[in-house]
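# Close look at the chain arrangement
Here's the letter readout for the chains.
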Amino acid sequence: MMIIREKYLKRMIDAKDTEFIKVITGVRRSGKSTLLLMFKDYLLHHHVKEKNIIHINFESAMYDDIKNYKDLYQYIQKRIGKDKVYLLLDEVQNVEAWEKAINSFKVDFDIDIYITGSNAYLLSSELSTLLSGRYIEIKMYPLSFKEYLVFNRYDNQNIEDKFYEYLRYGGLPAITLIKNNDELVLSYLNDIYNTIVKKDIIDRNNIKDSALLENIIKYLVTNIGSSISANKISDYLNSNKIVEKSNHQTIDNYLNMLEKSFIMYKADRTDIRSKSLLKTLGKYYISDTGIRNIILGFRNIDEGHLLENVVYLELLRRGYRVNVGKTNDYKVDFVAENPNDIKYFQITKTLLNDEVKEREIRSLESINDNYEKIILTMDKPISKDYNGIKVMNIIEWLLSDE
């Protein structure tokens, strides 16, 4: 039985029957295909006839004959009658120039269109121009910790143990079915990682130097939460003779490709005082901690970095735009903004060390405004507050309704 991911399904329902094309994006196996099935069930339960729902998954061999936009147009045209049609296209980037067909459908038929894709080329500047901005992006992420508990039918007993399990295995939905078998988990995560690297990056971009790409990925996931630039990576790879030769421009291109595949996310650095973005030394976070652990090995789990990664992804799920902050000589882990609010976050495993506590508080105290400032920690503080700075347990924050 499918477990409904209500937040995402609600976004689709809210956008239903609007003129916009609904584009669902996210890393492979994060649940996009299942979301389309959930939405199809919703339509059927709300009196849309099955013949008026056209659902195609382009990863199925059943549709191998649909190779380009002309094939797609002809296939859909034959199946459209007089009534309104709901078109659900899964992994549509496998069809050459698919966007031309989508544009024609909007002109020629009474049709409501939903598409998914596993890389950001789906929303390239060319597509934006062609569709004239007539689309809504629904960003999908692996399971939050709250969803992970629901999918596993866990209660709140021994919650910390369950959280560390979540850090270890990650939040790809299928993991909840096999997590009791480490061999299956390793195989599944390894297959997903290799598919992303090969299909969404190497094949899509015709990359010749796959070894350089792999080394860049290892550098990024080893240094989650650290300030990174193309020059830094190049200097490291060259000085340690990991590759024969690398240059910052090639690395910068590869970093862009990693973002477009949704395996990595970049948090830009911002000057909090001037509210301006800084061009260098942003941070990178991985889309799923389980994928990170398969790259570096499950024996090399750095909880501090993973905690920061989990908080970053949760802020994205909650609809924030997330940057890393700088104010004078102090660093702020996250500056989270939405149209109505700004919040500042520091992430640390513990505040029991006085030096760590002083550093984290000092960074937030250096911000001269009245927006909420929060320290998230694995400690179990009881309503602690330092000069207006709130201290919360990370697990409690993850389970809270904002």
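Before any of the text, the structure's been laid out above.
Residues numbered from 1 in each chain as written. Predicted model: local features only at pLDDT ≥ 70, side-chain atom pairs only at ≥ 80, totals over all residues. Heavy atoms only, no water.

Moving on: the sheet that holds strand E12 (residues 385–386). Read across the sheet, 8 strands follow the order E7-E6-E8-E9-E10-E11-E13-E12 without closing on themselves; strand pairing throughout is mixed. Both edges of this open sheet fall to strand E7 (276–286) and E12, since each of them pairs with a single strand only. Note that strand E11 (residues 372–377) and strand E13 (residues 389–393) share 4 bridges and pair parallel. Directly across from Ile375, in E13, lies its bridge partner Val391. (Pairing = 2+ DSSP bridges. Helix = DSSP H or I, 4+ residues; strand = E, 2+ residues; numbered from the N terminus.)

Counted under the stated rule, the structure contains 1 cavity of 30 Å³ or more. When its volume is computed, the largest cavity comes out at roughly 60 Å³. Lining the largest cavity we find Pro142, Leu143, Tyr166, Gly171, Ser287, Asp288, Thr289, Val310, Leu313 and Arg317. Ranked by residue count, the leading element in the lining of the largest cavity is helix H14 (residues 303–317), at 3 residues. Of the residues in the lining of the largest cavity, the class split is 5 nonpolar, 3 polar and 2 charged. (1 Å grid on protein atoms, 1.4 Å probe; cavity = no way out; pocket = protein on both sides within 12 Å on 5 of 7 lines; lining within 4 Å. Points joined across faces, edges and corners; volume = space filled by probe spheres on them. Nonpolar A, V, L, I, M, F, W, Y, C, P; charged D, E, K, R; others polar.)

Examined against the element boundaries, Leu172 turns out to sit in the loop between helix H7 (159–169) and helix H8 (175–178). Leu172 sits 131 residues away from Asp41 along the chain, and the two C-alpha atoms are 22 Å apart. When neighbours within four sequence positions are excluded, Leu172 is seen to be in contact with Val27, Arg28, Arg29, Ser30, Pro142, Tyr188, Leu189, Ile192, Asp288 and Ile291. (Contact = heavy atoms within 4.5 Å.)

Let us look at helix H1 (residues 6–15). Of the positions making up H1, those classed as buried are Tyr8, Leu9, Met12 and Ala15. Looking down the long axis of H1, one finds its buried residues gathered within 130° of arc, a one-sided arrangement. Turned more than 90 degrees from where H1 packs its buried face, Glu6, Lys10 and Asp14 sit exposed. As for H1, its buried residues are in contact with strand E1 (21–25), helix H2 (32–45), strand E4 (111–117), strand E5 (135–139), helix H6 (145–151) and H14. (Buried < 20%, exposed > 50% of the residue type's maximum accessible area, 1.4 Å probe, protein only. Arc of directions from axis to C-beta.)

This next bit is on the pattern of salt bridges. In this structure the tally under the stated criterion is 29 salt bridges. Residue Asp369 is joined to Lys373 by a salt bridge in which the shortest nitrogen-to-oxygen separation is 3.4 Å. Beyond isolated ion pairs, a larger network of salt bridges with shared partners links Arg28, Arg29, Glu59 and Asp200. (Salt bridge = Lys/Arg side-chain N within 4 Å of Asp/Glu carboxyl O.)

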